[in-house]
Amino acid sequence: MASPSDTLTETLYLASSGPEVTQEIGKVLGRESRPGAIYLLTGELGAGKTCLTQGIAQGLEVPGYVRSPTFVMVTRSIGKLTLHHIDLYRVEDSFEALDLGLEELMYGDGVCVVEWAERAADIFPEESVSISIDYGGSETERSINLTAPAGVIANFRDALEEYIVA
Ligand SMILES: Nc1ncnc2c1ncn2[C@@H]1O[C@H](COP(=O)(O)OP(=O)(O)OP(=O)(O)O)[C@@H](O)[C@H]1O
Ligand SMILES: [Mg+2]
């Protein structure tokens, strides 16, 4: 049975044919981001979460963004908005994630991008955009699915039109 929240959530199904395309998709997200936007990235090792984040950084006009070393769990960079790049790979549960000070970041004016968000799924607000990246049929294909409240998805739909899978 559908719960009330089902009717309010929408998913955009996107296809990426290579890392450059994933970055372009990220760039759109970065450009269209409002203060306080939260992107929850899930997907296996090497799926492309960091690649998408690099695109988001470009879209936010963060100069010279480089991939953060994996042992640093939270990095901050300044663009049009502040980008908080959070990697929860080494986090066991929600309590450990909160110890990183995520709450303050999530309810601030910056943009939060969280890799391995499933490690602490229950701490994120409902307006967050969940993005799953899955391997496709070939080495460079990926399915990128964005799920969020319909009103949030509406902000991205036109700008992502060319990547939407019919
Ligand atoms: N369509 C694609 N989109 C993104 N990356 C791709 C794609 N096709 C191939 N790749 C390659 O996959 C790798 C993705 O690496 P990336 O570090 O972004 O993954 P990740 O999901 O962040 O992994 P981790 O879980 O280790 O943090 C890169 O080497 C990239 O070149
Ligand atoms: Mg990564």
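Each chain has its residues counted from 1, following the order in which its sequence is written. To read the labels, note that chains go from A and ligands from 1, taken in the order they are written. Thresholds applied to this predicted model are a pLDDT of at least 70 for local features of residues and 80 or more for the giving and counting of side-chain atom pairs; totals over whole chains, interfaces and linings are not thresholded and use all residues. Only hydrogens and water are set aside; all other atoms, that is, all heavy atoms of the structure, feed into the side-chain values.

S.K.: Help me understand the pattern of salt bridges, please; the structure alone is not making it clear to me.
M.R.: In a structure, side chains of opposite charge can pair up when their charged atoms sit close to one another. Every case where a carboxyl oxygen of Asp or Glu lies within 4 Å of a side-chain nitrogen of Lys or Arg is listed as a salt bridge. Under the defined criterion, the tally for this structure stands at two salt bridges. One salt bridge connects R157 with E10, and the closest N-O pair in it is separated by 2.2 Å. One end of the pair, R157, is in helix α6 (residues 150-160); the other, E10, is in strand β1 (residues 9-16), and 147 residues separate them in sequence. Here E24 and K27 are joined by a salt bridge, their closest N and O atoms 4.0 Å apart. Of the two residues, E24 and K27 are both situated in helix α2 (residues 19-31); the distance of three residues between them amounts to about one turn of the helix. By relative accessible area, which is 34% here, E24 ends up partly exposed. Under the scheme used here, helices are H or I runs from DSSP no shorter than 4 residues and strands are E runs no shorter than 2 residues, and both carry numbers assigned from the N terminus. Accessible area is worked out with a 1.4 Å probe on protein chains only. A residue is then buried under 20% of its type maximum, exposed over 50%, and partly exposed in between.

S.K.: Can you walk me through the site of ligand 1 in this structure?
M.R.: Nearness is defined per residue: one heavy atom within 4 Å of the molecule or strand is enough. The immediate surroundings of ligand 1 are formed by 18 residues, with T22, K49, T50, C51 and T140 found nearest. The contact in question runs from a nitrogen atom of ligand 1 to an N or O atom on the backbone of G18, over 3.3 Å. Between a nitrogen atom of ligand 1 and a main-chain N or O atom of T140, the distance comes to 2.8 Å. Per-residue and other accessible areas were derived by the Shrake-Rupley procedure at a 1.4 Å probe size, with only the shown protein chains allowed to occlude residues. Protein contact buries 77% of the 650 Å² of open area that ligand 1 shows by itself. Mapped by element, the contributors of at least two residues to the shell around ligand 1 are α2 and α3 (49-59). The definition of a polar contact used here is a pair of N or O atoms within 3.5 Å, where within protein one atom must be able to donate a hydrogen and the other to accept one, and adjacent residues in sequence count solely through side-chain atom pairs.

S.K.: What is the right way to look at the pairing of strand β4 (residues 82-87) in this model?
M.R.: For a regular strand, the rule is simple: side chains alternate between the two faces of the sheet. Within β4, five of the six residues are buried, leaving the element largely enclosed by the surrounding structure. Pairing between strand β3 (residues 74-78) and β4: five bridges, direction antiparallel. Bridged to V74 within β4 is I86. Only strands that DSSP links by at least two bridges are regarded as paired with each other. Relative to strand β5 (residues 111-115), β4 runs parallel, the two being bridged by five bridges. Residue pairing across strands places H85 opposite V113, the latter belonging to β5.

S.K.: I keep staring at the coordination of the magnesium ion (ligand 2) and nothing clicks. Help me out?
M.R.: For a metal bound by four donors in tetrahedral geometry, the ideal donor-metal-donor angle is 109.5 degrees, whereas six donors in octahedral geometry ideally sit at 90 or 180 degrees. Taken together, T50 (OG1) and E115 (OE) make up the full set of protein donors to the magnesium ion (ligand 2), lying 2.1 to 2.2 Å away. In this pair, T50 is assigned in helix α3 and E115 in strand β5, connecting sequence segments 65 residues apart. Each of the two residues, T50 as well as E115, counts as buried. For Na, K and Ca the donor cutoff is 3.2 Å, while for all other metals N, O and S atoms must lie within 2.8 Å; water is not among the atoms, so some sites may look incomplete.

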